[in-house]
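Structure at a glance
What follows is the residue order along each chain.
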Amino acid sequence: MSLRYFGFAKTVLIALVLATTPLFAINIILNQYAERRAVSELEAMGNVTIRRAEEAISTTVSLLQRLDRDDIQSCNAEDRVIYEKQIVEHGMIDAIGLADATGQRMCIIPDRELSEQVILPPAKVDGPLVGIGMLDRSYLGARAAVISWDLKDQTRIFAEVTPAVIATDPGPEYLRSYRRAELRLGNNLLWYNVGGYNSQASDPGDMLSVEVASELYPLSVTLTVPNAAAAFLVQDLKVIAAAGCAGIALLFVAIGVWLSWRPESEANDEFVAAIRNGEFIPFYQPVMDIETGRLRGCEVLMRWRRPNGVIVSPGQFMAYAENNGHIFDMTRHMMRVSSEEVGELYGENPDFKLSINLFAGHFLDREIISDINSIFEKSRISFQQIVVEVTERHPLQDMELARKIIAELQALGVRVALDDVGTGHGGMAYLQKLGVDIIKIDKMFVDTIGSDDNSTTIVDSMVELADNLGMGIIAEGVELEEQIERLLELGVTAAQGYYFAQPMAADEFIEFAERMEEKAREKARLAAEAAAAEQAANEAAMSSAA
Ligand code: C2E
Ligand code: CA
Ligand code: CA
């Protein structure tokens, strides 16, 4: 039985592990997927941004080149009209102007303060024709890229490009309010940044970041998004995965429950095989006459001798055997084997009693009577030598039938003992109703006699009752010499317990019985000798007196 619960707990555990392990794995996979997705979305956003910036720069450069080609490269009124027209036509161009070789502004359309502000690096003779720079336009609260084109006389025509045209691609919904974009020019000049309002001060370890650079210009965009934002993408999938795994766990548990019956049936198969292989064997515990020190017989106690030699006590398997009905076969086996093993000893000692333990189920069916009949009929052990023990620990379901079965056994000559008296259900009522021949006082009471007045009173009243009903008494679990003394005082004459011997295998028990008989013969011989000596002494005294 314990095997089954162990098996069950184990399968539930395995089911949980089997179901949660994929959940962990799925979570990891989903997170990785979310990251990959977010990274490729960021890359796409970065590409769009770079392409727009490149377009803006290229368009501006070609415009400036065209103006140069068309010889529109002065600050005069005629050219200024054309610049104005171009600004209106090209939404991304905020202003067009000219700068001299030192980079000082010569004019700008639309007109701003005409102070000669340096807005470009000094012109280099062999430098590139196209220049890209950055201009703080504090008055607009933004920065502008300044694209310049070298004219022949070291002056440069330039245009200011507004960042608004490059407005970063907003990207997918789930990243939108978390992503931050930074467009940089050349040596880390920030041109444009947007977003990231919800992700300031985030730990860079928790951020996904992508950088896309232009192949045409010194332009790059960095896009970042918190990992957590990426995880939104797979949130629903995670819920589904968790639900799925919970379902799988349930399925596994169900399978586990189903499977856990198999170890049970396997355990049962093992048990049945053990019965068939004769692994259940009788041990014998002597019952002593404490008045004379002679052996009265024994109680047969079952043991499971495993193939590896380990001896298992009935506490480990008896309940299982009873619940599964195996106990009937096992009891028959016990009786058969003991009739063979100690038959000769019992044939030679007709006073010896052999106690067989029965359980409540045996008193629901007359089969036990025919079993005893058929087994001991052919044996050297007579029915008169047999005692069947019925425990008081477990209730008898059908008292009337039990009483009849007991009566029929008694009619055969078999004696019936009530085991574990005082510990169980029946109490004194069982004694009278069942008509038992012997009561066995449980170790529990024997343990306390001498030390506990109450218990002495209980044993006292058991002895008195047994005497009144004409029943015999056996004290169980005697371990100490003083217990024997107290039992004798109380009028108990039969006892079993470790004080005399533990339950043992047949050959040991037969030796034990021979040793006891030898001792008894020796004692009798000594007593006879003493008596003879005393008589001789008496006779000598008489004759000398005479
Ligand atoms: P039980 O019938 O009350 O048997 C007495 C138990 O007390 C035995 O345990 C015995 O070994 C133990 N015992 C005897 N003297 C002493 C002692 O001085 N000190 C201590 N501490 N223990 C002592 P065991 O052999 O383990 O059997 C346990 C129970 O299993 C038995 O209790 C009996 O109820 C059941 N049982 C044993 N064999 C059979 C059987 O063949 N059939 C049935 N139905 N039950 C059996
Ligand atoms: Ca017993
Ligand atoms: Ca007992």
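In short, a report on the structure. (Residues numbered from 1 in each chain as written. Chains lettered and ligands numbered in written order. Predicted model: local features only at pLDDT ≥ 70, side-chain atom pairs only at ≥ 80, totals over all residues. Heavy atoms only, no water.)

**Thoughts on the overall build of the protein**
Assigned secondary structure in the protein consists of 14 helices and 18 strands. A compact globule built from 546 residues would reach a C-alpha radius of gyration of about 24 Å, whereas the protein, at 54 Å, exceeds it by more than 25%. Across the 546 residues that make up the protein, the buried fraction comes to 44%. If you take every contact in the protein between residues at least 6 apart in sequence, the share linking residues at least 24 apart comes to 65%. As presented, the protein carries roughly 28000 Å² of accessible surface, and 55% of it is formed by carbon and sulfur atoms. Positive and negative charge centroids in the protein, built from 48 and 80 side chains respectively, lie 6 Å apart. (Helix = DSSP H or I, 4+ residues; strand = E, 2+ residues; numbered from the N terminus. Rg over C-alpha atoms; globule rule 2.2 N^0.38 Å. Buried < 20%, exposed > 50% of the residue type's maximum accessible area, 1.4 Å probe, protein only. Contact = heavy atoms within 4.5 Å. Areas by Shrake-Rupley, 256 points an atom, 1.4 Å probe, with all protein chains shown as cover. Lys, Arg positive; Asp, Glu negative; His and termini not counted. Charge placed at Lys NZ, Arg CZ, Asp CG, Glu CD.)

**What about the sheet that holds strand S8 (residues 207–213)?**
Taken in spatial order, the four strands of this open sheet run S7-S6-S9-S8, and their pairing is antiparallel. The sheet terminates laterally at strand S7 (189–195) and S8, the two strands that pair on one side only. Mean inter-strand twist for the sheet, computed between neighbouring axes without regard to direction, equals 15°. When S8 meets strand S9 (residues 219–226), the two strands line up antiparallel, connected through seven bridges. Opposite Ala 213, over in S9, you have Ser 220 as the bridge partner. (Pairing = 2+ DSSP bridges. Axes fitted to C-alpha atoms, helices over the stretch in contact; angles between N-to-C directions.)

**Some thoughts on the state of the cysteines**
Using the criterion set out here, one finds one disulfide in the structure. Each disulfide pairs two cysteine sulfurs, and for Cys 75 the partner residue is Cys 107, the sulfurs being separated by 2.0 Å. What sets the handedness of the Cys 75 and Cys 107 disulfide is the S-S torsion sign, and at about -80° it is left-handed. Here Cys 75 is found in the loop between helix H1 (2–69) and helix H2 (77–89), whereas its partner Cys 107 is found in strand S2 (residues 105–109), with 32 residues between them in sequence. (Disulfide = S-S within 2.5 Å.)

**Quick word on the pattern of salt bridges**
Within this structure, the stated rule accounts for 22 salt bridges. Among the salt bridges present, the one from Arg 296 reaches Asp 289, with a minimum N-O distance of 3.7 Å. Its relative accessible area of 13% is what places Asp 289 among the buried residues. Residue Glu 389 is joined to Lys 440 by a salt bridge in which the shortest nitrogen-to-oxygen separation is 2.5 Å. Residue Glu 389 is found in strand S14 (residues 386–391), and its partner Lys 440 is found in strand S16 (residues 438–441); the two are separated by 51 residues along the sequence. The class for Glu 389 is buried, based on a relative accessible area of 1%. The structure contains a network of salt bridges with shared partners spanning Glu 299, Glu 389, Lys 440 and Glu 476. (Salt bridge = Lys/Arg side-chain N within 4 Å of Asp/Glu carboxyl O.)

**Concerning the coordination of the calcium ion (ligand 2)**
Donor atoms from the polypeptide that coordinate the calcium ion (ligand 2) comprise Glu 299 (OE), Asn 357 (OD1), Glu 389 (OE) and Asp 419 (OD), at 2.0 to 2.3 Å from the metal. Between the calcium ion (ligand 2) and the calcium ion (ligand 3), a separation of 4.1 Å is found, and both are coordinated by Asp 419. Placement of Glu 299 in strand S11 (residues 295–305) and of Asn 357 in strand S13 (residues 353–358) is noted, with a sequence separation of 58 residues between them. (Donors = N, O, S within 2.8 Å, 3.2 Å for Na, K, Ca; no water.)

**Quick notes on the pairing of strand S10 (residues 280–289)**
Along S10, 10 of the 10 residues are buried, which leaves the element largely enclosed by surrounding structure. Of the two faces of S10, the one holding Phe 280, Pro 282, Tyr 284, Pro 286 and Met 288 and the one holding Ile 281, Phe 283, Gln 285, Val 287 and Asp 289 are both buried throughout. Relative to S11, S10 runs antiparallel, the two sharing nine bridges. Across the sheet, the residue bridging to Met 288 is Leu 295, located in S11. Between S10 and S11, which pair antiparallel in sequence order, lie five residues; one of them, Gly 293, sits at a positive phi of approximately 75°.

**What about the side chain of Gln 483?**
Its place among the elements puts Gln 483 in helix H13 (residues 481–490). What makes Gln 483 buried here is its relative accessible area of 4%. At 3.3 Å, the side chain of Gln 483 forms a polar contact with the backbone oxygen of Val 446. (Polar contact = N/O pair within 3.5 Å; in protein donor to acceptor, adjacent residues only side chain to side chain.)

**Here's the deal with the site of ligand 1**
Looking at ligand 1, there are 20 residues lining it, with Gln 285, Arg 303, Asp 419, Glu 479 and Tyr 498 nearest. Here ligand 1, which alone exposes 800 Å², has 80% of that area covered by the protein. Top contributing element to the shell around ligand 1 by residue count: S11, with four residues. Of the residues that constitute the shell around ligand 1, the class distribution is nine nonpolar, four polar and seven charged. (Near = heavy atom within 4 Å. Nonpolar A, V, L, I, M, F, W, Y, C, P; charged D, E, K, R; others polar.)

**Let's talk about a nonpolar patch on the surface**
Together, Leu 251, Ile 255 and Trp 258 give the surface a local cluster of nonpolar side chains, amounting to about 340 Å² of exposed area. Mapped onto the fold, Leu 251 is located in helix H4 (residues 227–276). (Patch = residues over 30% accessible without salt bridge, like charges linked within 9 Å, V, L, I, M, F, W, Y side chains within 5 Å.)

**Thoughts on the coordination of the calcium ion (ligand 3)**
Ligation of the calcium ion (ligand 3) by protein atoms is provided by Asp 419 (OD), Asp 420 (OD), Glu 476 (OE) and Glu 476 (OE), these donors lying 2.2 to 2.4 Å from the ion. Mapped onto the sequence, the donors of the calcium ion (ligand 3) take the spacing D-D-x55-E. A relative accessible area of 6% places Asp 419 in the buried class.

**Description of the environment of Ala 25**
With respect to the helices, strands and loops of the structure, Ala 25 is situated in helix H1. Owing to a relative accessible area of 35%, Ala 25 belongs among the partly exposed residues under this scheme. Sequence separation of Ala 25 and Met 106 is 81 residues, and the distance between their C-alpha atoms is 66 Å.

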